[in-house]
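Remarks on the overall topology
Each chain, letter by letter, is given below.
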Amino acid sequence: MSKINTIGVLTSGGDAPGMNAAIRAVTRAAIANGMKVMGIYRGYEGLINDEIAEFTTENVSNIIQRGGTILKTARSKEFMTVEGRERAYQNMKKHGIDALIVIGGNGSLSGAREFAQEHDVPCIGLPGTVDNDLNGTDLTIGYDTCLNTITECVDKIRDTATSHERIFFVEVMGRDAGFLAQNSAIATGAEVAIIPEDTTGADQLDNFIGRGIRKSKKSCIVIVSESPKCGAMYYADRVKKDYPGYDVRVSILGHLQRGGSPTAGDRILASMLGVGAVQALIDGQRNVMVGVKNDEIVYVPFVNAIKSDKPLKKEYIDAMTVLSL
Ligand code: F6P
């Protein structure tokens, strides 16, 4: 196995708070181990278009607390093509990059897997997504911050919902995964969570409103995972039609959920995973995502990490019935 002298690092897909902490950790761990680091801008787009510059420890000073990603990010359509990946590979060779560290979500790690297979390039993934939907890791970078942001927003919505005795449908991120909706519902004391993986929430909504909410509780909060067809608007319209007596409002939290300074938890997670990613390369690991399981750093083959079936705990879903009494 040839020695890795230079690594490239990029962030890809939806940004997530803590990505900067991960870039910092990767850069410093690599330099500490005698490697050279190349920062690749705009994800795979930058690899294809040669937006690559050397990173020193100074490049990553004073960024651990910043949201977003100093490397910028993109969802690259071109990287999905054989020609795009070939151009990316040529640029890697041009800059002497021996291995890639990709910080991103499902789509980004799928891209890394394909690239690694096609060009025999060592790739290590870091789970960077607010959705928490990568398998083999308890947490993804950005999830904790996003959950806290949602909690803060819903607490505020609760004030006005209670004052006006309204039903609020709050839509949160998590296109295909309900972790944010489910756990923000528990954290905010929401009455119902509607998530893509399970229909319990939709049934709970009918039961809850059907039985007339509760006399002492004339408002309620329903958290809904975003969805092109069955998002917050869909459920709000349904309730308006079926129960015209209720005053219904919708609040779509949108991209504010992805911004902000990362929590201490996300900073620590990103730092430890970043160090773990460089160690993985030193140890000869290839094509794995670095994750955390029961407080231990783990290496998860890409193929397992990107499976779209990370389970939500059924007890958490069921607990909503009790907690919203
Ligand atoms: O993948 C993370 C995510 O935040 C999803 O929950 C959301 O559906 C999506 O990104 C939105 O991304 P964008 O608006 O940047 O395309």
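Note that this is a predicted model, so its numbers are computed, not measured.

What follows deals with the site of the ligand. Taken together, the residues surrounding the ligand are Arg 75, Val 130, Asp 131, Met 173, Gly 174, Arg 175, Glu 226, His 255 and Arg 258. Within the side chain of His 255, one N or O atom sits 2.7 Å away from an oxygen atom of the ligand. Within the side chain of Arg 258, one N or O atom sits 2.8 Å away from an oxygen atom of the ligand. Contact with the protein chains covers 76% of the free accessible surface of the ligand, which is 400 Å². Broken down by class, the residue content of the shell around the ligand amounts to 2 nonpolar, 2 polar and 5 charged. The residue makeup of the shell around the ligand includes at least three contributed by each of domain 1 (6-142 + 262-305) and domain 2 (144-258).

This next bit is on the sheet that holds strand E3 (residues 52-55). One open sheet accounts for 7 strands, arranged E3-E2-E1-E4-E5-E10-E11; its pairing is mixed. A single partner strand is all that each edge strand has here, and the edge strands are E3 and strand E11 (296-301). Within the sheet, the average angular offset between the axes of one strand and its neighbour, ignoring direction, is 30 degrees. Taken together, the 4 bridges between strand E2 (residues 36-40) and E3 define a ladder with antiparallel strand orientation. In the sheet register, Ile 40 faces E3, and the bridge partner there is Ile 52.

Once that is clear, we can look at the sheet that holds strand E6 (residues 167-172). Reading across from one edge, E7-E8-E6-E9 is the order of the 4 strands in this open sheet, with parallel pairing throughout. Where the open sheet ends on each side, the last strands, each with one partner, are strand E7 (192-194) and strand E9 (248-252). Averaged over all pairs of adjacent strands, the angle between their axes in this sheet comes to 20 degrees, without regard to strand direction. Here E6 pairs with strand E8 (residues 220-225) via 6 bridges, running parallel. Bridge pairing links Val 170 to Ile 223 in E8.

By the element assignment, Thr 200 lies in helix H7 (residues 200-210). Not counting chain neighbours up to four residues away, the residues in contact with Thr 200 comprise Lys 314 and Ile 317.

To continue, consider the environment of Gln 65. The topology assignment puts Gln 65 in the loop between E3 and helix H3 (82-94). Residue class for Gln 65 comes out partly exposed when judged on its relative accessible area of 30%. C-alpha separation for the pair Gln 65 and Asp 266, spaced 201 residues apart in sequence, amounts to 10.0 Å. For Gln 65, the residues in contact, after removing those within four places along its chain, are Ser 261, Pro 262 and Arg 267.

We now examine the packing of aromatic side chains. All told, the structure shown has 5 aromatic pairs when counted by the stated rule. The interplanar angle of 50 degrees and the centroid separation of 5.3 Å between the aromatic rings of Phe 79 and Phe 115 together place this pair among those described as tilted. Pair noted here: Phe 79 is in the loop between E3 and H3 and Phe 115 is in helix H4 (residues 106-119), with a separation of 36 residues, a long-range link. What makes Phe 79 buried here is its relative accessible area of 3%. With centroids separated by 4.9 Å and ring planes inclined at 90 degrees, the aromatic side chains of Tyr 234 and Tyr 235 adopt a geometry described as edge-to-face. Among the residues examined, Tyr 234 registers a relative accessible area of 37% and is labelled partly exposed. Pairwise contacts between aromatic rings join Tyr 44, Phe 79 and Phe 115 into one cluster. Lying over the aromatic face of Phe 179, Lys 310 brings its terminal NZ or CZ to 5.3 Å of the ring centre.

Rules and cut-offs
Residues numbered from 1 in each chain as written. Predicted model: local features only at pLDDT ≥ 70, side-chain atom pairs only at ≥ 80, totals over all residues. Heavy atoms only, no water. Near = heavy atom within 4 Å. Polar contact = N/O pair within 3.5 Å; in protein donor to acceptor, adjacent residues only side chain to side chain. Areas by Shrake-Rupley, 256 points an atom, 1.4 Å probe, with all protein chains shown as cover. Nonpolar A, V, L, I, M, F, W, Y, C, P; charged D, E, K, R; others polar. Domains from an automatic or database assignment. Pairing = 2+ DSSP bridges. Helix = DSSP H or I, 4+ residues; strand = E, 2+ residues; numbered from the N terminus. Axes fitted to C-alpha atoms, helices over the stretch in contact; angles between N-to-C directions. Contact = heavy atoms within 4.5 Å. Buried < 20%, exposed > 50% of the residue type's maximum accessible area, 1.4 Å probe, protein only. Phe/Tyr/Trp six-rings, centres within 6.5 Å; stacked < 30°, edge-to-face > 60°. Lys NZ or Arg CZ within 6 Å of the ring centre and 35° of its normal.

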